[in-house]
Amino acid sequence: MRGNIFIITGPSGVGKTTIANELLKRRPQLKKVVTYTTRPSRPGETDGISYHFVDEATLTSLLNAGELFESARVYDTLYGSKKSDVEKLLLAGNDVLFVIDVQGAKTIQQEHPETIVIFIDAESDETLMKHLTARDQGKTVNLEERMRAIKNERDYGASCRYRVVNQEGNLENTVEEVLRIMDSLVTSLASDVT
């Protein structure tokens, strides 16, 4: 049976990657698509696991050749995922997980309306800015622009069918809530097929 496509999205600094890593540990049939990016790696990120870190020419070449499932330019950085990577996982019966920004989520949703978007939100703008500043330590590219984008990203989240607030110090509750959403949808989608 073909798998489902899930997107974890939300504003910068909300904890998308941390939540996704927990989901991947707990759901063996859930596989993350490793996205290509032209941005430099952050401390703790590994090429081929966190992202495929490539130069602009390489990613533009994949885009022009029609090999990308989705792509987006965010904060002067190009991101994209290969169609072949996504298709291979789906055909093997895996559920596919994208961990991407709001712009990428919108792009995939437009092209693939069957995609299930789960928006991760913070308790407040202040919480997000605190996380961004702590993560930044003077190194995050376009920090000011990311902070300005918070309102638009959170407005998009308010329109999403599935929205989970990642409460400060309650990662376990957030992960459990996302798993409940996924489990209910996978069960519902499976019964629609039979």
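Coordinates for the structure precede this section.
Figured I'd write up the structure that's included with this text. (Residues numbered from 1 in each chain as written. Predicted model: local features only at pLDDT ≥ 70, side-chain atom pairs only at ≥ 80, totals over all residues. Heavy atoms only, no water.)

**Let's talk about the overall build of the chain**
Phase 1 of the analysis: What the chain contains, in helices and strands, is 7 helices and 9 strands.
Phase 2 of the analysis: Taking 16 Å as the expected radius of gyration for a compact globule of 194 residues, we find that the chain reaches 16 Å, a close match to that expectation.
Phase 3 of the analysis: For the chain, the spread of C-alpha atoms along the principal axes amounts to about 50 × 40 × 30 Å.
Phase 4 of the analysis: In the chain, which comprises 194 residues, the proportion classed as buried is 46%.
Phase 5 of the analysis: By sequence separation, contacts in the chain at least 24 residues apart represent 69% of the contacts at least 6 residues apart.
Phase 6 of the analysis: By element, 50% of the accessible surface of the chain is carried by carbon and sulfur atoms, the whole surface being about 10,100 Å².
Phase 7 of the analysis: Across the chain, the 24 positively charged side chains and the 29 negatively charged ones have centroids separated by 2 Å. (Helix = DSSP H or I, 4+ residues; strand = E, 2+ residues; numbered from the N terminus. Rg over C-alpha atoms; globule rule 2.2 N^0.38 Å. Buried < 20%, exposed > 50% of the residue type's maximum accessible area, 1.4 Å probe, protein only. Contact = heavy atoms within 4.5 Å. Areas by Shrake-Rupley, 256 points an atom, 1.4 Å probe, with all protein chains shown as cover. Lys, Arg positive; Asp, Glu negative; His and termini not counted. Charge placed at Lys NZ, Arg CZ, Asp CG, Glu CD.)

**Some words on the environment of Ile-120**
Phase 1 of the analysis: With respect to the element layout, Ile-120 can be found in strand β8 (residues 116-121).
Phase 2 of the analysis: We classify Ile-120 as buried; its relative accessible area is 0%.
Phase 3 of the analysis: Taking C-alpha positions, Ile-120 is 6.8 Å from Val-14, a pair spaced 106 residues apart along the chain.
Phase 4 of the analysis: Residues in contact with Ile-120, not counting those within four places in the same chain, are Ile-8, Thr-9, Gly-10, Pro-11, Val-14, Ile-19, Val-164, Asn-166 and Val-178.

**Overview of the pattern of salt bridges**
Phase 1 of the analysis: Tallied over the entire structure, the rule returns 13 salt bridges.
Phase 2 of the analysis: Glu-45 is the partner of Arg-39 in a salt bridge, and the nearest nitrogen-oxygen pair spans 2.8 Å.
Phase 3 of the analysis: Glu-45 sits in the partly exposed class, given a relative accessible area of 22%.
Phase 4 of the analysis: Here the residues in one salt-bridge network are Glu-22, Lys-25, Arg-26, Glu-172 and Glu-176, joined through shared partners. (Salt bridge = Lys/Arg side-chain N within 4 Å of Asp/Glu carboxyl O.)

**Digging into the environment of Val-34**
Phase 1 of the analysis: Mapped onto the elements of the fold, Val-34 is located in the loop between β2 (30-32) and β3 (36-37).
Phase 2 of the analysis: According to the relative accessible area criterion, Val-34 is buried, its value standing at 18%.
Phase 3 of the analysis: Taking the C-alpha atoms as reference, Val-34 lies 13 Å from Lys-88; in sequence the two are 54 residues apart.
Phase 4 of the analysis: Apart from residues lying up to four places away in sequence, Val-34 is in contact with Gly-48, Ile-49, Ser-50, Tyr-51, His-52 and Asp-85.

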